[in-house]
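For reference, the chains in residue letters:
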Amino acid sequence: MVKGFRLKKRGTFALMLAALVLVISACGTKTDTSSTPAAGGQADAAAATTEPVQLNWWHSMSGAGEKAINQLASDFNASHPDIQVKAIYQGKYDESLNKLKASMGSDSGPDIIQVYEIGSKFMIDSGMITPVQQFIDKDNFDLSQLEPNIIRYYTIDGKLNAMPFNTSNPILYYNKDMFKAAGLDPENPPKTYEEFEQAAKALGKDGKPGASMAIYGWFMEQFFANQNADYVNNGNGRDSAATESLLNSEAGVKTLSWWKKMIDEKTVSNLGRSTDDTTAAFTAEQIGMTLDSTAGLRKIVEGSGGKFELGTGFLPRPADAKDGGVVVGGASLYIMNNKSDAQQQAAWEFIKYLATPEVQANWSVATGYFPITTAAYDQQVLKDNMAKYPQFQTAVDQLHASVDSTATSGAVMGVFPEARQIVEGAIETVLNGQGEPQEALDAAAKQITDKIAQYNSTVKK
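Named according to an unreviewed UniProt entry, the chain is Sn-glycerol 3-phosphate transport system substrate-binding protein originating from Paenibacillus tundrae. For the chain, the Sequence similarities (unreviewed entry) comment in UniProt is given as "Belongs to the bacterial solute-binding protein 1 family."

(A) The overall build of the chain, seen in detail. If you tally the helices and strands in the chain, you get 20 helices and 15 strands. Buried positions account for 57% of the 461 residues belonging to the chain. Considering only contacts within the chain whose residues lie at least 6 apart along the sequence, 78% involve residues at least 24 apart. Summing over all exposed atoms, the chain offers an accessible surface of approximately 18,600 Å²; the carbon and sulfur share of this is 50%.

(B) Region of the structure containing helix α9 (residues 217–226). α9 sits mainly inside the fold: 10 of its 10 residues count as buried. N228 occupies a position one or two residues after α9 and carries a positive phi of about 55°.

(C) Region of the structure containing the environment of A199. Along the polypeptide, A199 turns up in helix α8 (residues 193–203). C-alpha separation for the pair A199 and G288, spaced 89 residues apart in sequence, amounts to 9.0 Å. Not counting the four nearest positions on each side in its chain, A199 is found in contact with F179, L184, P190 and M289.

(D) Region of the structure containing the packing of helix α2 (residues 64–79) against helix α15 (residues 357–367). The contact between α2 and α15 brings their axes to 9 Å, and the two run at 160°. Classed by the angle they form, the pair α2 and α15 counts as roughly antiparallel. Relative to α15, α2 is oriented so that their crossing is right-handed. Residues A64, G65, A68, I69 and L72 of α2 form the contact with α15, whose own contacting residues are V359, W363, A366 and T367. A class-by-class count of the residues in the contact of α2 with α15 yields 7 nonpolar, 2 polar and no charged.

(E) Structural context of the pairing of strand β10 (residues 170–175). Of all the 6 residues making up β10, 6 are buried; the element is thus mostly covered by neighbouring parts of the structure. Alternating residues of β10 divide into P170, L172 and Y174 and I171, Y173 and N175, and every residue in both groups is buried. By the bridge criterion, 5 bridges tie β10 to strand β13 (residues 289–293) in an arrangement that is antiparallel. Paired with L172 across the two strands is L291, which belongs to β13.

(F) Here's a closer look at the packing of aromatic side chains. By the definition in use, this model includes 22 aromatic pairs. With a centroid separation of 4.9 Å and an interplanar angle of 70°, the aromatic rings of F76 and F350 are classed as edge-to-face. Of this pair, F76 sits in helix α2 while F350 sits in helix α14 (residues 341–354); the two residues are 274 residues apart in sequence, bridging distant segments of the chain. Grouping residues by exposure puts F76 and F350 together as buried. Residues Y153 and Y154 carry aromatic rings whose centres are separated by 4.9 Å and whose planes lie at 70° to one another, so their mutual orientation is edge-to-face. On the accessibility criterion, Y153 (4% relative accessible area) is buried. Given a relative accessible area of 3%, Y154 falls into the buried group. Aromatic ring contacts, followed pair by pair, group W57, F76, F165, F350, Y353, W363 and Y369 into a single cluster. Looking at K101, its charged tip hangs above the ring of F122, at a distance of 4.8 Å from the centre. The ring of Y153 has R238 lying over it, and the distance from NZ or CZ to the ring centre is 5.4 Å.

(G) Expanded view of the side chain of K121. With respect to the element layout, K121 can be found in helix α4 (residues 120–126). The contact partners of K121, leaving out residues within four places of it in the chain, are A241, V412, M413, G414 and Y455.

(H) Broad picture of the environment of D230. Within the secondary structure layout, D230 lies in the loop between α9 and α10 (233–237). A C-alpha to C-alpha distance of 9.4 Å links D230 and S249, two positions 19 residues apart in sequence. Setting aside chain neighbours within four positions, we find D230 in contact with F224, G235, N236, L246, T406 and A407. Only 2.9 Å separates the side chain of D230 from the side chain of T406, close enough to count as a polar contact.

Each value, and the rule that gives it
- Residues numbered from 1 in each chain as written.
- Predicted model: local features only at pLDDT ≥ 70, side-chain atom pairs only at ≥ 80, totals over all residues.
- Heavy atoms only, no water.
- UniProt positions renumbered as here; feature names shortened; annotations may be inferred.
- Helix = DSSP H or I, 4+ residues; strand = E, 2+ residues; numbered from the N terminus.
- Buried < 20%, exposed > 50% of the residue type's maximum accessible area, 1.4 Å probe, protein only.
- Contact = heavy atoms within 4.5 Å.
- Areas by Shrake-Rupley, 256 points an atom, 1.4 Å probe, with all protein chains shown as cover.
- Axes fitted to C-alpha atoms, helices over the stretch in contact; angles between N-to-C directions.
- Parallel < 35°, antiparallel > 145°, perpendicular 65-115°, else oblique.
- Left-handed = near helix turned anticlockwise from the far one by under 90°.
- Nonpolar A, V, L, I, M, F, W, Y, C, P; charged D, E, K, R; others polar.
- Pairing = 2+ DSSP bridges.
- Phe/Tyr/Trp six-rings, centres within 6.5 Å; stacked < 30°, edge-to-face > 60°.
- Lys NZ or Arg CZ within 6 Å of the ring centre and 35° of its normal.
- Polar contact = N/O pair within 3.5 Å; in protein donor to acceptor, adjacent residues only side chain to side chain.

Here's what the structure looks like:
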């Protein structure tokens, strides 16, 4: 198998890992992933029997997501006796990725791993994966059956390195009952920064803010894409490796200035970095609008307990922004290249199974993530779910309305996890009244640019 790019010697690689965000010292659990031939039990057996190929699948889904993943593995195992998949929860995305790093050089790592979208560049540069494009080409697998705006994110240097699995985008959530009480049109949610600000003012009562959104770096990335603005240089890191953060460009300053103005005027509250906190305030009707992932739709519907009618809308953008769209979030599945050819082929068979319309429809219903396969929407189980949760159509429409550009394809950089943390720190500084948007973003952009340079120096060209 072709093993892709290799990072330079281990000492330099260790320095790069230290620069990445949230490095966790936990080590992966050593698991036997070999496939073992077994001799036939009878002396006159015509041929030796072979035990099933065993695959370890590392994932980061908890709660309903983990339950759904276990069901997927169980269903596959029942229908594929020659391949047996064991789904193993490894903690949140950054924890799982650091366990993978700790397993390097040993056989203790997974056969398949779920990695969040901002880990894409690192996974490609690590030399640890076999790009799924190799299996796609060998099988003549039809990529046209998959959502083009999702495939676009994970296609880098003309090839698909991982298969998309759980995919989401951010949408506006609003309380239609509160809209009516405030004299706002409940069927016409705000579409621009300016309209959002006006609606937040109308929703606020007695000095109480009418809206809130978490200090989440993912939102800033999305606001850039919605203005069709690249987040890093060199075609958002897609034409060639990014060397500079564009966080302090007009798109960033305009966004953070708008956000700060609403905080200063107390039309929007600052509830910190946790989206769970803003969601809790929204479902408790303490605020009338918030932003969250489409994957949180069912949680928000159930959290509201039917107390109010829920509305959804596209992510707002500045009134003068002409095009744009959203970048897909979530994660994809990688095949590790330190496993046997048989194990890698078995991993591909499992990944193909996960991409089938039936599986994707059930996965979407169970979790709220997008189906990656367009034909999944023809499955009755998903049609029924869309009828039950019509708000989900907003996210689908927003995905399809996104223009095809480097901005909406998403930024690519090896230090993305750490960059996201730096961005959140800059936003926090400004919203807490400890700095101005331009200066805070200038400082953050420099930090990220320096981290990119450090990372790039460790990657073998």
